[in-house]
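Examining the three-dimensional arrangement
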Protein chains: 2
Amino acid sequence: MASPSDLTGDDIARISINPPATGRVASVYSEVQASRIDHSLPLPSVFKIPFKIVDGPPSSAAGNSEEIAKLFPNLFGQPSALLVPDQTNSAISSDKKKLKIGVVLSGGQAPGGHNVICGIFDYLEEHAKGSSLFGFRGGPAGIMKGKLVELTSDFVYPYRNQGGFDMICSGRDKIETPEQFQQAEETVTKMDLDGLVVIGGDDSNTNACLLAEYFRGKNMKTRVIGCPKTIDGDLKSKEVPTSFGFDTACKIYSEMIGNVMIDARSTGKYYHFVRLMGRAASHITLECALQTHPNITIIGEEVSEKKLTLKNVTDYIVDVICKRAENGYNYGVILVPEGLIDFIPEVQELISELNEILAQGNVDEEGQWKKNLKEETLNLFEFLPQTIQEQLMLERDPHGNVQVAKIETEKMLIQMVETELEKKKEEGTYKREFMGKSHFFGYEGRCGLPTNFDATYCYALGYGAGSLLQSGKTGLISSVGNLAAPIEKWTVGGTPLTSLMDVERRHGKFKPVIKKAMVELEGAPFKKFASQREEWALKNRYISPGPIQFKGPGSDAINHTLLLELGAQA
Amino acid sequence: MASPSDLTGDDIARISINPPATGRVASVYSEVQASRIDHSLPLPSVFKIPFKIVDGPPSSAAGNSEEIAKLFPNLFGQPSALLVPDQTNSAISSDKKKLKIGVVLSGGQAPGGHNVICGIFDYLEEHAKGSSLFGFRGGPAGIMKGKLVELTSDFVYPYRNQGGFDMICSGRDKIETPEQFQQAEETVTKMDLDGLVVIGGDDSNTNACLLAEYFRGKNMKTRVIGCPKTIDGDLKSKEVPTSFGFDTACKIYSEMIGNVMIDARSTGKYYHFVRLMGRAASHITLECALQTHPNITIIGEEVSEKKLTLKNVTDYIVDVICKRAENGYNYGVILVPEGLIDFIPEVQELISELNEILAQGNVDEEGQWKKNLKEETLNLFEFLPQTIQEQLMLERDPHGNVQVAKIETEKMLIQMVETELEKKKEEGTYKREFMGKSHFFGYEGRCGLPTNFDATYCYALGYGAGSLLQSGKTGLISSVGNLAAPIEKWTVGGTPLTSLMDVERRHGKFKPVIKKAMVELEGAPFKKFASQREEWALKNRYISPGPIQFKGPGSDAINHTLLLELGAQA
């Protein structure tokens with residue numbers, strides 16, 4: 001249980017902000033932060049009346065349902081759950097049994113996490129008065145080590161509508177080994193928990209489902225509910241239309257992109273290369289493109305599907321720059337996803353050949369070692385800027401492997417484009433001066449103040465998670481839908497985690513995974529982008545979204561990706 | 001005169017947005033941008049009643065008044081001008097003579113530039129109906145080449161309260177040689193201009209004053225008025241309390257800093273090193289520190305005044321990191337001004353010795369050349385991370401000189417801190433893992449949507465410039481004061497540009513300069529920072545300002561630097 005010595009200075013600073021009688025909070029908050037604390041959050045209307053939970057038809061899996069059925073014998077096939085008004089008034093909301101619930105934040109920050117917790121807290125206050133909520137500190141490790149704090153009204157208050165995960169912090173540990181499952185079991189048993197809410201991405205929700213299965217298999221009382229979190233936007237399905245944090249992060253990045261666009265147009269001499277967070281999928285880059293209309297946007301999934309080479313990507317950029325020069329524009333903005341080079345097949349090949357060669361240690365100063373590279377791989381290596389070649393050869397991870405993640409893709413592209421444009425200059429087909437400026441927008445987007453959408457969506461996710469636990473559900477992910485409609489019409493329920501799963505074979509064993517949702521080239525967001533990108537490339541259709549607003553025009557806007565996927569935007 | 005072929009696609013896109021009958025604008029605007037266009041700007045109350053201009057006492061210069069008097073025989077000693085209510089009603093506002101005015105944007109973008117132009121335009125509409133306003137395109141070069149466009153109501157409209165300088169763009173050319181002055185003369189004579197407004201920083205306002213002197217000396221009718229622009233905040237004096245753009249840029253950077261602070265606290269494992277724009281002075285870094293309370297802030301002027309070495313700066317950072325580790329904090333946020341190394345005397349010495357050695361070309365692979373460095377300089381060179389050493393030796397500008405500006409100071413500091421912490425680990429005096437993350441916040445701050453403060457301040461500057469020209473003033477910089485008071489009580493007038501000047505000796509000649517306003521270690525902003533930084537270093541007092549708001553809480557806040565300098569904040 002939480003002892004005062006577990007609390008950091010931050011906690012103490014925050015805790016000292018009791019619900020203010022005067023409407024003012026202590027000086028650790030800015031005016032805007034303070035104004036958000038008491039921002040009241042609307043709830044879907046189903047919560048405003050007596051409701052009950054109805055089950056849908058039995059579910060299957062996203063793939064390999066046979067294997068998933070074997071991996072989750074107790075949970076597989078569960079129906080999804082939906083909250084509906086209950087005219088009989090025999091609803092759960094009248095079930096006043098006190099609950100003990102734990103909550104954990106897992107993985108990277110995403111704006112809105114605090115509001116999920118506030119949603120659970122308020123649900124319990126409203127529908128199961130006298131319940132208690134505990135926060136596991138520092139991610140899943142907190143469950144295994146039993147590090148936790150009771151989340152009281154005063155404790156939770158200063159984090160309402162605030163960014164970050166600092167209320168209970170997060171962590172990247174996983175509950176994987178039999179010993180770790182046993183540790184988790186001991187903790188929840190000792191605490192006599194009725195439920196556990198796991199707020200995390202695809203891996204964490206897979207883990208949540210494994211925990212739910214384990215607890216159910218042991219006939220324990222503790223249920224487990226997941227919540228879809230990740231700014232990357234790659235945890236979603238038909239019933240889970242979006243992960244929280246994506247909306248805020250994309251709007252923060254788009255504010256910055258819009259600003260450099262105006263800068264580009266005003267100075268008329270820079271090409272801004274903007275690398276955006278999002279390693280596995282390019283949703284962030286695509287959404288930012290839809291919000292801002294840059295001249296060039298590279299989508300990793302397209303590069304991968306079309307098997308483009310690094311030279312192809314460079315040529316495309318060079319081509320647009322030359323065409324723009326002909327139109328009199330010597331400036332532009334280019335968006336690149338952080339994970340771009342992971343999408344390029346030939347780069348993967350290069351990395352694996354290099355790792356092999358480096359492992360054998362026969363790298364000579366004269367470069368004879370390059371003869372061990374396949375011809376195509378050597379061509380690619382020689383095409384890379386020298387600084388990148390050196391970086392690949394010199395910087396290794398503790399296992400001696402090449403560190404691809406350390407490559408600053410946008411800087412690499414600038415150098416390659418520069419080299420190609422120099423050639424064109426010599427040929428006489430390009431006559432301007434190219435000046436590339438590099439940007440990486442990453443950390444500043446993960447912990448911003450949640451937008452009105454993320455604040456409200458997260459609150460509903462948490463409120464819904466509370467209702468699912470109260471009704472005894474387990475192995476579901478909290479699902480709030482119909483998001484293009486007014487908030488009162490949003491649907492609330494839970495989707496079986498097993499229904500999102502497929503298996504991957506690792507070390508000869510089947511492992512369950514929630515497949516990351518990638519950018520679909522046939523999906524509405526990509527299609528809209530693809531239909532407009534030529535115009536954006538050569539003409540200037542820049543849009544500058546400006547800073548996120550909490551009141552007034554633009555404050556209730558929802559991101560394009562979500563609206564397009566819901567079919568609510570042409 | 002502007003021909004349609006001068007117009008870019010951008011212009012055409014913008015121009016097509018006529019004042020909308022429906023209250024909606026074309027799709028090239030985001031909702032927030034569109035909402036700002038019709039945001040009505042309050043004016044100081046002196047403009048709402050008949051006013052006249054009264055002169056103050058004769059002025060002098062900021063230094064070397066004798067030389068300034070010689071350089072500006074026609075302008076030196078001019079009184080400052082102040083707008084006051086005119087009960088007699090014989091005020092200028094009744095003088096309905098039509099004017100022809102030109103306006104030019106000079107140097108780097110700063111949020112609010114468009115509003116200065118709108119202010120001039122609206123002043124003329126209101127007080128000299130039938131006047132015309134022309135925008136010189138692409139900065140001072142536009143004056144010399146006669147590249148301009150007439151700024152009509154429709155043309156100006158879509159830029160109201162918008163960021164960037166793209167209405168007429170800017171440039172960094174200077175009007176310096178006798179031929180260039182003559183070109184300027186020809187342009188304004190041919191256009192029959194009554195006045196010219198130069199919107200720029202210290203250099204551009206010096207240039208404006210030289211033009212004013214030249215025109216006056218030739219008995220030309222064209223008057224010249226300057227406007228104080230620069231996000232760097234280093235153009236200010238008693239009568240010019242701030243330059244526009246500083247408020248917005250600092251708030252944009254502070255939003256991002258506040259976000260990485262929450263990220264640092266949530267993850268608990270990163271030290272974020274943030275480099276901020278501002279090469280010559282550290283006002284931006286200081287203001288961002290006052291807004292966000294980082295753990296460490298390096299102010300260039302302090303480094304310079306205390307003659308600190310790079311080792312001193314590194315040791316200070318390392319010391320705070322070790323103390324924080326003892327308090328259980330393995331994370332933090334560190335602000336560094338872009339121009340830091342320019343402030344370090346020993347770095348200047350190193351650069352000059354290196355340039356000398358490189359010019360002689362005797363640099364050998366074995367490093368014997370290092371023997372030509374002075375002992376202290378060699379020590380500093382050896383203290384630099386290897387990548388920086390290589391960068392200094394390899395990357396030269398077209399004159400063969402070392403390129404200091406290309407050094408990414410925050411990355412260099414991370415490497416140096418890492419090395420020192422490694423030593424401490426070996427000694428056993430530091431036991432944590434240090435992970436530094438680098439950020440540069442620059443371009444994204446120059447072209448944001450102006451804050452309410454910058455929007456209103458700029459509009460008043462432009463409106464005031466119009467009134468000064470109408471009353472025949474020249475060689476003044478538009479000055480809006482009493483900024484801590486409600487807007488209606490702001491004062492409006494003009495300050496003699498010569499009164500801001502000193503001379504510098506260059507190539508044996510005296511050249512007039514407006515001295516950059518540096519961070520004063522005895523000034524209120526630095527003193528407030530200095531009195532609190534120890535607490536910020538060891539405890540966490542992070543404040544996250546959040547995104548700039550245009551409505552509601554926080555939307556009318558003014559930056560700390562200005563308020564403290566005005567004595568309006570303790």
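Residues numbered from 1 in each chain as written. Chains lettered and ligands numbered in written order. Predicted model: local features only at pLDDT ≥ 70, side-chain atom pairs only at ≥ 80, totals over all residues. Heavy atoms only, no water.

1. Here we look at the nonpolar core
Across soluble globular proteins, you tend to see nonpolar side chains buried next to one another. The biggest cluster of nonpolar side chains holds 184 residues, and the ones touching the most others in it are L151(A), Y253(A), I257(A), L151(B), Y253(B) and I257(B). The contact partners of Y253(B), leaving out residues within four places of it in the chain, are I231(B), L276(B), M277(B), I284(B), C288(B), F441(B), G442(B), G445(B) and R446(B). (Core = buried A, V, L, I, M, F, W, Y, C linked by side-chain atoms within 4.5 Å. Buried < 20%, exposed > 50% of the residue type's maximum accessible area, 1.4 Å probe, protein only. Contact = heavy atoms within 4.5 Å.)

2. Describing helix 12 (residues 310-326) of chain A
For helix 12 of chain A, built from 17 residues, the straight-helix expectation of 24 Å at 1.5 Å per residue is met to within 8% by its first-to-last C-alpha distance of 25 Å. Looking one or two places after helix 12 of chain A, you find G328(A), whose phi comes out positive at around 90 degrees. (Helix = DSSP H or I, 4+ residues; strand = E, 2+ residues; numbered from the N terminus. Expected span 1.5 Å × (residues − 1).)

3. Some remarks on the environment of N452(A)
Residue and element names in this part refer to chain A. Relative to the helices and strands, N452 is located in helix 18 (residues 452-470). Residues N452 and R36 lie 416 residues apart in sequence; the distance between their C-alpha atoms is 9.8 Å. Non-local contacts of N452, meaning those with residues more than four positions away in its chain, are made with R36, H39, Q549, F550, S555 and D556. Separated by 2.9 Å, the side chains of N452 and R36 make a polar contact. (Polar contact = N/O pair within 3.5 Å; in protein donor to acceptor, adjacent residues only side chain to side chain.)

4. Some points on helix 8 (residues 202-217) of chain B
Residues and elements named next belong to chain B. For helix 8, with 16 residues, the first-to-last C-alpha span of 22 Å sits near the 22 Å given by 1.5 Å per residue. All of the buried residues in helix 8 are D202, S204, N205, T206, N207, A208, C209, L211, A212, E213 and F215. The first or second residue beyond helix 8 is N219, which carries a positive phi of 55 degrees.

5. So, the interface of chain A and chain B
With 61 residues of chain A at the interface, the matching set in chain B holds 61 residues. Summed over both partners, the interface of chain A with chain B comes to about 4,700 Å²; 54% of that surface belongs to carbon and sulfur atoms. Linking chain A with chain B are six salt bridges. Taken together, the connections running from chain A to chain B amount to 24 residue pairs in polar contact (both at pLDDT 80 or more). Every element with two or more residues in the side of chain A that touches chain B is listed here: helix 1 (9-15), helix 2 (31-37), helix 9 (246-267), strand 11 (436-441) and helix 17 (443-446) of chain A. (Buried area = accessible area lost by both parts, 1.4 Å probe. Salt bridge = Lys/Arg side-chain N within 4 Å of Asp/Glu carboxyl O.)

6. Focus: the UniProt feature "binding site: Mg(2+)" (unreviewed entry) in chain A
Residue and element names in this part refer to chain A. According to UniProt, the feature "binding site: Mg(2+)" (unreviewed entry) maps to D202 in the numbering used here. By relative accessible area, which is 11% here, D202 ends up buried. Apart from the residues lying within four places of it in its own chain, the contact partners of D202 are L235, I514 and K516. (UniProt positions renumbered as here; feature names shortened; annotations may be inferred.)

7. Structural notes on the UniProt feature "binding site: diphosphate" (unreviewed entry) in chain A
Residue and element names in this part refer to chain A. Within this structure's numbering, the places UniProt gives as "binding site: diphosphate" (unreviewed entry) are G108. Residue position: G108 is located in the loop between strand 3 (100-105) and helix 4 (113-127). Its relative accessible area of 14% is what places G108 among the buried residues. Dropping the residues within four chain positions of it, G108 is found in contact with F165, R172, K229 and R446.

8. Let's talk about the sheet that holds strand 12 (residues 476-481) of chain A
All names here are of chain A. Taken in spatial order, the nine strands of this open sheet run 1-2-13-12-7-6-3-4-5, and their pairing is mixed. A strand with exactly one partner marks an edge of an open sheet, and here the two such strands are strand 1 (51-58) and strand 5 (148-150). Between one strand and the next, the sheet's axes are offset by a mean angle of 25 degrees, whatever the strand orientation. Across six bridges, the pairing between strand 12 and strand 13 (residues 491-496) is antiparallel. Directly across from V480, in strand 13, lies its bridge partner V492. (Pairing = 2+ DSSP bridges. Axes fitted to C-alpha atoms, helices over the stretch in contact; angles between N-to-C directions.)

9. As for the packing of aromatic side chains
Evaluated as defined, the whole model comprises 36 aromatic pairs over all chains. Judged by centre distance (5.7 Å) and plane angle (65 degrees), the ring pair of Y329(A) and Y331(A) falls under edge-to-face. Members of the aromatic cluster, connected to one another through ring pairs, are F47(A), F51(A), Y123(A), Y459(A) and Y463(A). Over the ring of F510(B) we find R505(B), and its NZ or CZ is 4.7 Å from the ring centre. (Phe/Tyr/Trp six-rings, centres within 6.5 Å; stacked < 30°, edge-to-face > 60°. Lys NZ or Arg CZ within 6 Å of the ring centre and 35° of its normal.)

10. Considering the packing of helix 4 (residues 113-127) of chain B against helix 18 (residues 452-470) of chain B
All names here are of chain B. Between helix 4 and helix 18, whose axes approach to 7 Å, the crossing angle comes to 45 degrees. Taken together, the axes of helix 4 and helix 18 lie oblique to each other. The handedness of the crossing between helix 4 and helix 18 comes out as right-handed. Packed against helix 4, whose contacting residues are N115, V116, C118, G119, I120, D122, Y123, E126 and H127, the element helix 18 presents A455, C458, Y459, G462, Y463, G466, S467 and Q470 at the interface. Looking at side-chain class alone, the contact of helix 4 with helix 18 contains eight nonpolar, seven polar and two charged residues. (Parallel < 35°, antiparallel > 145°, perpendicular 65-115°, else oblique. Left-handed = near helix turned anticlockwise from the far one by under 90°. Nonpolar A, V, L, I, M, F, W, Y, C, P; charged D, E, K, R; others polar.)

11. Topic: the environment of I101(A)
All names here are of chain A. With respect to the helices and strands, I101 occurs in strand 3. Along the sequence, I101 and G195 sit 94 residues apart, while their C-alpha atoms lie 4.7 Å from each other. Not counting chain neighbours up to four residues away, the residues in contact with I101 comprise I120, L124, S132, L133, F134, L193, G195, V197 and L469.

12. Let's talk about the pattern of salt bridges
Residue and element names in this part refer to chain A. One pass over the structure, following the stated rule, counts 66 salt bridges over all chains. The salt bridge partner of K306 is E302, with a shortest N-O separation of 2.6 Å. The exposure class assigned to K306 is partly exposed, which follows from its relative accessible area of 48%. What makes E302 buried here is its relative accessible area of 7%.

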